[in-house]
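Letter by letter, the chains look like this.
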Amino acid sequence: AQSVTQLDSQVPVFEEAPVELRCNYSSSVSVYLFWYVQYPNQGLQLLLKYLSGSTLVKGINGFEAEFNKSQTSFHLRKPSVHISDTAEYFCAVSPFDTDKLIFGTGTRLQVFP
Amino acid sequence: EAQVTQNPRYLITVTGKKLTVTCSQNMNHEYMSWYRQDPGLGLRQIYYSMNVEVTDKGDVPEGYKVSRKEKRNFPLILESPSPNQTSLYFCASSQGRMTYGYTFGSGTRLTVV
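One structure accompanies this document, and this report is about it. Please read these numbers as outputs of a predicted model, since none were measured by experiment.

## Side note on the sheet that holds strand 7 (residues 65-66) of chain B
Residues and elements named next belong to chain B.
Here comes step 1: Judged by pairing direction, the sheet is antiparallel, and its four strands sit side by side in the order 1-3-8-7 without closing on themselves. Strands at the two margins of the open sheet, each flanked by one partner only, are strand 1 (4-7) and strand 7.
Here comes step 2: Both strand 3 (residues 19-25) and strand 8 (residues 76-78) contribute to a ladder of three bridges, which runs antiparallel. By the bridge assignment for strand 8, Leu19 is matched with Leu78.

Rendered as structure tokens:
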């Protein structure tokens, strides 16, 4: 079985500051890794994904994430956040050769001016 | 435009009154899925379908039914809604094997009183 832990339910940060949203996972098989963003009153949008290759993955809106196999982590980072980044962020994993997607409980990023 | 369309966006109903939430995708995806989102619990899978006439239970299937008679449509049916089914529901579709991730609908906020 797989599980995803997002260690922070809320992350407050000031505009232009850097941010890191943490994600750890547990799985007995190899997985693909994803980050999704949910803006207020909207559906989920894919930010970035790790399938294979370079462990540093760049996504949309200036976000990036680093896959660390030994620590089973996939933390999301942005060097300088904007007010418009205020949203809920979900980490998710999918076991190889399945269509299943298992989500974490989400991290609400609140950016203050 | 490639999209997943859910209807309605908002629905208030009474306990026991059957309802259907529709979901349609225009990307010819084989895989479709329903999730519910609750505060502090993230997204949990209700049912999924790997192709026409092929459906299976997710993690929280109790009280829900689905059907997949056509590739593009995957309705969610609540035969006798109860207040604990008050939630935000998302339909999603995938090209398969998760290398492309899911495309999500905009969500249906259901309140059962």
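The rest of the description comes next.
## Topic: the pattern of salt bridges
Pairing of side chains with opposite charge becomes possible as their charged atoms draw close.
Here comes step 1: By the definition in use, this model includes eleven salt bridges over all chains.
Here comes step 2: With a closest N to O distance of 2.8 Å, Arg36(B) and Asp38(B) form a salt bridge.
Here comes step 3: Ionic pairing is found between Lys65(B) and Glu79(B), a salt bridge with its closest N-O pair at 2.9 Å. In this pair, Lys65(B) is assigned in strand 7 and Glu79(B) in the loop between strand 8 and strand 9 (87-94), connecting sequence segments 14 residues apart.
Here comes step 4: Under the relative-accessibility criterion, Lys65(B) is labelled partly exposed at 41%.
Here comes step 5: Given a relative accessible area of 35%, Glu79(B) falls into the partly exposed group.
Here comes step 6: Connected through shared salt-bridge partners, Glu20(A), Glu66(A) and Arg77(A) make up one network.

## Concerning the layout of surface pockets
Here comes step 1: When its volume is computed, the largest pocket comes out at roughly 550 Å³.
Here comes step 2: If you trace the largest pocket, you find 27 residues lining it, with Gln38(A), Glu88(A), Arg108(A), Gln37(B) and Arg109(B) closest to the centre.
Here comes step 3: Taken together, the elements giving at least two residues each to the lining of the largest pocket come down to strand 10 (87-95) of chain A together with strand 4 (31-38), strand 9 and strand 11 (108-112) of chain B.
Here comes step 4: Looking at which element gives the most residues to the lining of the largest pocket, the answer is strand 10 of chain A, with three residues.

## Things to note about unusual backbone geometry
Here comes step 1: Note that the residue after Asn7(B), namely Pro8(B), is joined by a cis bond; omega there is -5°.
Here comes step 2: Mapped onto the fold, Pro8(B) is located in the loop between strand 1 and strand 2 (10-13).
Here comes step 3: Despite not being glycine, Asn61(A) has its phi angle at roughly 60°, a positive value.
Here comes step 4: Structurally, Asn61(A) is set in the loop between strand 7 (56-58) and strand 8 (64-68).
Here comes step 5: Although it is not a glycine, Thr72(A) sits at a positive phi angle of roughly 45°.
Here comes step 6: Relative to the assigned elements, Thr72(A) resides in the loop between strand 8 and strand 9 (73-78).
Here comes step 7: Under the relative-accessibility criterion, Thr72(A) is labelled partly exposed at 29%.

Cut-offs applied
- Residues numbered from 1 in each chain as written.
- Chains lettered and ligands numbered in written order.
- Predicted model: local features only at pLDDT ≥ 70, side-chain atom pairs only at ≥ 80, totals over all residues.
- Heavy atoms only, no water.
- Pairing = 2+ DSSP bridges.
- Helix = DSSP H or I, 4+ residues; strand = E, 2+ residues; numbered from the N terminus.
- Salt bridge = Lys/Arg side-chain N within 4 Å of Asp/Glu carboxyl O.
- Buried < 20%, exposed > 50% of the residue type's maximum accessible area, 1.4 Å probe, protein only.
- 1 Å grid on protein atoms, 1.4 Å probe; cavity = no way out; pocket = protein on both sides within 12 Å on 5 of 7 lines; lining within 4 Å.
- Points joined across faces, edges and corners; volume = space filled by probe spheres on them.

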